[in-house]
Amino acid sequence: TQTTRPQRLLAAVQKNATRGDPRSVVKAIDQFCRQKEWAMNVGDEKGCILDSVVTEVNPATVLELGTYCAYSTVRIASLLPPHAKLITLEFNPHNAAIARQVIAWAGLGDKIQLVEGASGDWIPKMKEKFAIETFDLVFLDHWKDRYLPDTKLMEECGLLRKGSILLADNVICPGTPDYLEYIRNSPRYKSQYFRSHLEYTKVEDGLEKSVFLG
Ligand SMILES: O=C(NCc1cccc(CNc2ccc3[nH]ncc3c2)c1)c1cc(-c2ccc(F)cc2)cc(O)c1O
Ligand SMILES: [Mg+2]
């Protein structure tokens, strides 16, 4: 029977990456996507911008919306301080099953909590279910039409504090026009656009970094 792209990506990790070495997992996925098949990971170019934001923020609590195959999950978690927690939400059960195995291969299971379900359902439950006060960093990489409603939901649920950082992938391609319009014009955020390219291509894309001002 036919394998799926996430299954082929996982096989490439298990073949080419060293168990317990997160950077080799990231490298194996990038190699697979450049040489074999494109996949919608944040990728190596935007990944370097992600790395710089993570190291600058040095977050104790991270929320990732949209795990896919855990490329950015592993990339972020490999840079976190010892007792930091990363919660990642994935709606698609097949993606989640693959992501769990990529996370295990990287040896980051104790830093990452993968939750299966939709952001709209889980964001209101974060405080009670995961003993989270607020998130220091949120990486938005799920359905592009959910960025804005979920940001408003996080505000309403008191999950953002003065200084919380939102980092949004794909603000140009596929694009998140309503989110950009809101976040760039809201007096409650200070935003900065990091110009880059759509993963593994020459197409323009970028990350939008926004600080919640309280
Ligand atoms: O669409 C994208 N990613 C989101 C996505 C997509 C599919 C499934 C899921 C299922 N996961 C999911 C859903 C809802 C959820 N709610 N809470 C958690 C959660 C998790 C998520 C995307 C597309 C392109 C792209 C494609 C084609 C092209 F030509 C150019 C660019 C590039 C990217 O970097 C992208 O990130
Ligand atoms: Mg993306």
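Source: prediction; values computed, not measured.

## Concerning the coordination of the magnesium ion (ligand 2)
Ideal geometry at a metal gives 109.5 degrees between four tetrahedral donors and either 90 or 180 degrees between six octahedral ones. Donor atoms from the polypeptide that bind the magnesium ion (ligand 2) are Asp 141 (OD), Asp 169 (OD) and Asn 170 (OD1), placed at 2.0 to 2.2 Å. Between consecutive donors of the magnesium ion (ligand 2), the numbers of intervening residues give the motif D-x27-D-N. A residue pair is termed long-range when its members are at least 10 positions apart, and Asp 141 in the loop between strand E4 (137–140) and helix H8 (147–156) and Asp 169 in the loop between strand E5 (165–168) and helix H9 (171–175) qualify at 28 residues. Like Asp 169, Asp 141 is buried.

## What about the packing of helix H1 (residues 5–16) against helix H2 (residues 22–35)?
At their nearest, the axes of H1 and H2 sit 9 Å apart, and the two run at 130 degrees to each other. By the angle class used here, H1 and H2 are oblique. The handedness of the crossing between H1 and H2 comes out as right-handed. The segment H1 lies against H2, with Arg 8, Leu 9, Ala 12, Val 13 and Asn 16 engaging Val 25, Ala 28, Ile 29, Phe 32 and Cys 33. Considered class by class, the residues forming the contact of H1 with H2 number eight nonpolar, one polar and one charged.

## Some thoughts on the layout of surface pockets
Here the largest pocket defines a volume of roughly 500 Å³. In terms of lining, the largest pocket is formed by 26 residues, of which the most central are Gly 66, Glu 90, Asp 141, His 142 and Trp 143. Looking at the lining of the largest pocket residue by residue, the class counts come to 11 nonpolar, nine polar and six charged. The wall of the second largest pocket is formed by Ala 11, Ala 12, Lys 15, Asn 16, Ala 28, Gln 31, Phe 32, Gln 35 and Lys 36. Listed by contribution, the elements that provide at least two residues to the lining of the second largest pocket are H1 and H2. Here the residues of the lining of the second largest pocket are counted per class, giving four nonpolar, three polar and two charged.

## Regarding the packing of H2 against helix H5 (residues 93–106)
Their axes nearest at 8 Å, the elements H2 and H5 cross at an angle of 135 degrees. One way to sum up the angle between H2 and H5 is to call them oblique. Of H5, the residues touching H2 (which contributes Pro 22, Val 25 and Ile 29) are Val 102, Trp 105 and Ala 106. Here the residues of the contact of H2 with H5 sort into six nonpolar, no polar and no charged.

## Describing the site of ligand 1
Near ligand 1, the surroundings consist of 17 residues, among which Glu 90, Asp 141, Lys 144, Asn 170 and Glu 199 are the closest. One of the side-chain N or O atoms of Asn 170 is found 2.7 Å from an oxygen atom in ligand 1. For ligand 1, the accessible surface in isolation is 730 Å², of which the surrounding protein chains cover 77%. Elements supplying a minimum of two residues to the shell around ligand 1: strand E2 (85–90) and H9. Residue composition of the shell around ligand 1, by class: eight nonpolar, four polar and five charged.

## Section: the nonpolar core
Formed by 44 residues in total, the largest nonpolar core has its most connected members in Leu 9, Val 25, Ile 29, Val 74, Ile 76 and Val 102. When residues of this core are traced back to their parent elements, those giving at least two are H1, H2, helix H3 (43–57), helix H4 (71–77), H5, strand E3 (112–116), E4 and E5. Per-element tally for this core: the top contributor is H5, with seven residues. Setting aside chain neighbours within four positions, we find Val 102 in contact with Leu 10, Val 25, Ile 29, Cys 69, Ala 70 and Val 74. Membership of the second largest hydrophobic core comes to 27 residues, among which are Leu 65, Trp 122, Leu 148 and Tyr 179.

## Section: H2
An ideal rise of 1.5 Å per residue puts 20 Å on 14 residues; H2 measures up with 20 Å between its terminal C-alpha atoms. Restricting attention to buried positions, one finds in H2 the residues Pro 22, Ser 24, Val 25, Val 26, Ala 28, Ile 29, Asp 30, Phe 32 and Cys 33. Of the surrounding secondary structure, the elements contacted by the buried residues of H2 are H1, H3, H4 and H5.

Each value, and the rule that gives it
Residues numbered from 1 in each chain as written. Chains lettered and ligands numbered in written order. Predicted model: local features only at pLDDT ≥ 70, side-chain atom pairs only at ≥ 80, totals over all residues. Heavy atoms only, no water. Donors = N, O, S within 2.8 Å, 3.2 Å for Na, K, Ca; no water. Helix = DSSP H or I, 4+ residues; strand = E, 2+ residues; numbered from the N terminus. Buried < 20%, exposed > 50% of the residue type's maximum accessible area, 1.4 Å probe, protein only. Axes fitted to C-alpha atoms, helices over the stretch in contact; angles between N-to-C directions. Parallel < 35°, antiparallel > 145°, perpendicular 65-115°, else oblique. Left-handed = near helix turned anticlockwise from the far one by under 90°. Contact = heavy atoms within 4.5 Å. Nonpolar A, V, L, I, M, F, W, Y, C, P; charged D, E, K, R; others polar. 1 Å grid on protein atoms, 1.4 Å probe; cavity = no way out; pocket = protein on both sides within 12 Å on 5 of 7 lines; lining within 4 Å. Points joined across faces, edges and corners; volume = space filled by probe spheres on them. Near = heavy atom within 4 Å. Polar contact = N/O pair within 3.5 Å; in protein donor to acceptor, adjacent residues only side chain to side chain. Areas by Shrake-Rupley, 256 points an atom, 1.4 Å probe, with all protein chains shown as cover. Core = buried A, V, L, I, M, F, W, Y, C linked by side-chain atoms within 4.5 Å. Expected span 1.5 Å × (residues − 1).

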